[in-house]
Amino acid sequence: MPSVLPRIAAALESTLAFLTDPEFEALLDDPEINNFALGNPQELPLPELVGALQQALEPRDKNWFAYKMNEESSRRTIAESIGPRLGVPFAPEDVFVTNGGFGAIAATLRAVAGPGDEVIFISPPWFFYEPLIVAVGAEPVRVRLQPPAFDLDAEAIAAAITPRTAAVLINTPHNPTGRVYPTQQLEELARVLTEASDRHGRPVYLLSDEPYHRIVYDDLRFTTPAALYPPTFVLYSYGKTLLSPGMRMGYIAMAPGMPGAKQLRGLLFLGQVTTGWAFANADLQHALPRIEQLSIDVGALQRRRDRVIPALLEMGYQTDLPEGTFYAMVRSPLEDDQEFSRVLRRHGTLVLPGSVVELPGWFRISLTANDEMIEPGLEGFRRALSEVAARA
Ligand SMILES: Cc1ncc(COP(=O)(O)O)c(C=O)c1O
């Protein structure tokens, strides 16, 4: 048995148990079910995306579907678009076009960490950070955020850093809490990482997982740590902005001033190759100039948030308005979040139990539930709360 896979299986156990539960899977297509559980589309894809893909499928030369890597035109399109958006002048040669955020994270981890290294990640985490760190042979080290604010805690990260720390992996806007870290917290982090890098004589790289950086509410200004800390890799997926996660495209963007940039360019490329050709497909790269301009309707998501969260608060749930992402965390009225999720399920509303994302006693909702699901879904939340109140 390959040594790393049993550890990966252990790290993924609760996630896989939840996602592959036949009862849960059967409910996903049940028209009576209001799905607030996952960030999966509950509506047809953007027609503009479909049009761009249809056009990209028409071959214009013999190389149209030849092997694609980090194509020059794709790198330029991305660098020119994200430079002004993020306020960071990324060079096209520092952009790597991946098969989604998964590929971006996996290839970057492979480039900066290996056996003997530690990689710090933040909990509650996205399900796959720990397995992806284990997969490169490094040791995952978690730093927990404190509810209910879930602020980025630079001091707690500082305390977790050792001479073996190769990288810190953060996620803003944050899945599952919906927090968008303020500039001041990121500046604190940059200070802590600079000090640790100087102390240990090696750069502590920052992996900034930002697939939701275009999904922020209330005109909040998103700050990427790449603007504050040069040893930063921005990791992105188009799957969220387009709400089409089966279309696998994303990127790695290395911040200007990255130490050892020349060597890292080669390592990132090898990281892509050896994680199984982690480049975006030819058709997606052909469609990229149009795709880069597209986004789901963030205003509509915000209106949904502004209906759902105040309604939950009014019922007596404890939660907060997310600043970005599709997600919000809600405190479970029962200590056992799995049990409360089952109560909600019986009332037609699907959520993600907090224990699946290392936050027992909470549950996560996703605002990707479509408009038709919102009012019946809220009714489910109301009835579930009444049921457990009556039990008490
Ligand atoms: C925080 C975070 N990072 C990375 C990913 C991976 O994105 P993709 O599946 O588009 O590669 C996700 C997907 O849910 C996510 O929520």
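Residues numbered from 1 in each chain as written. Predicted model: local features only at pLDDT ≥ 70, side-chain atom pairs only at ≥ 80, totals over all residues. Heavy atoms only, no water.

Side note on the overall build of the protein chain
Scanning the protein chain from terminus to terminus reveals 14 helices and twelve strands. A compact globule built from 392 residues would reach a C-alpha radius of gyration of about 21 Å, and the protein chain, at 21 Å, matches this within 12%. Seen along its three principal axes, the alpha-carbon backbone of the protein chain occupies a region of about 65 × 55 × 50 Å. Pairs at least 24 residues apart make up 75% of the contacts formed inside the protein chain by residues separated by at least 6 positions. When the accessible area of the protein chain is evaluated, it comes to approximately 16400 Å², of which 54% is carbon and sulfur surface. Across the protein chain, 34 positive and 48 negative side-chain charges occur, with their mean positions spaced 4 Å apart. (Helix = DSSP H or I, 4+ residues; strand = E, 2+ residues; numbered from the N terminus. Rg over C-alpha atoms; globule rule 2.2 N^0.38 Å. Contact = heavy atoms within 4.5 Å. Areas by Shrake-Rupley, 256 points an atom, 1.4 Å probe, with all protein chains shown as cover. Lys, Arg positive; Asp, Glu negative; His and termini not counted. Charge placed at Lys NZ, Arg CZ, Asp CG, Glu CD.)

Notes on helix α5 (residues 100–112)
With 13 residues, α5 should cover 18 Å at 1.5 Å per step; its first-to-last C-alpha distance of 19 Å lies within 8% of that length. Among the 13 residues in α5, eleven count as buried, and that is most of the element. Taken as a whole, α5 has its buried residues at Gly100, Gly101, Gly103, Ala104, Ile105, Ala106, Ala107, Thr108, Leu109, Ala111 and Val112. (Expected span 1.5 Å × (residues − 1). Buried < 20%, exposed > 50% of the residue type's maximum accessible area, 1.4 Å probe, protein only.)

Some remarks on the sheet that holds strand β12 (residues 362–366)
One open sheet accounts for three strands, arranged β9-β12-β11; its pairing is antiparallel. With one partner strand each, in any of the chains shown, β9 (327–331) and β11 (352–353) form the two edges of the open sheet. Bridging between β9 and β12 involves five bridges; their strand directions are antiparallel. Paired with Met329 across the strands is Arg364, a residue of β12. (Pairing = 2+ DSSP bridges.)

Structural notes on the pairing of strand β7 (residues 232–237)
Most of β7 sits inside the fold, with six of its six residues counted as buried. Burial of the side chains of β7 extends over both faces: Thr232, Val234 and Tyr236 are buried on one face and Phe233, Leu235 and Ser237 on the other. As paired strands, strand β6 (residues 205–209) and β7 are joined by four bridges and run parallel to one another. Bridge pairing links Ser208 to Val234 in β7. Bridge analysis of β7 against strand β8 (residues 250–254) gives five bridges, and the strand direction is antiparallel. In the strand pairing of β8, Leu235 is matched with Ile252.

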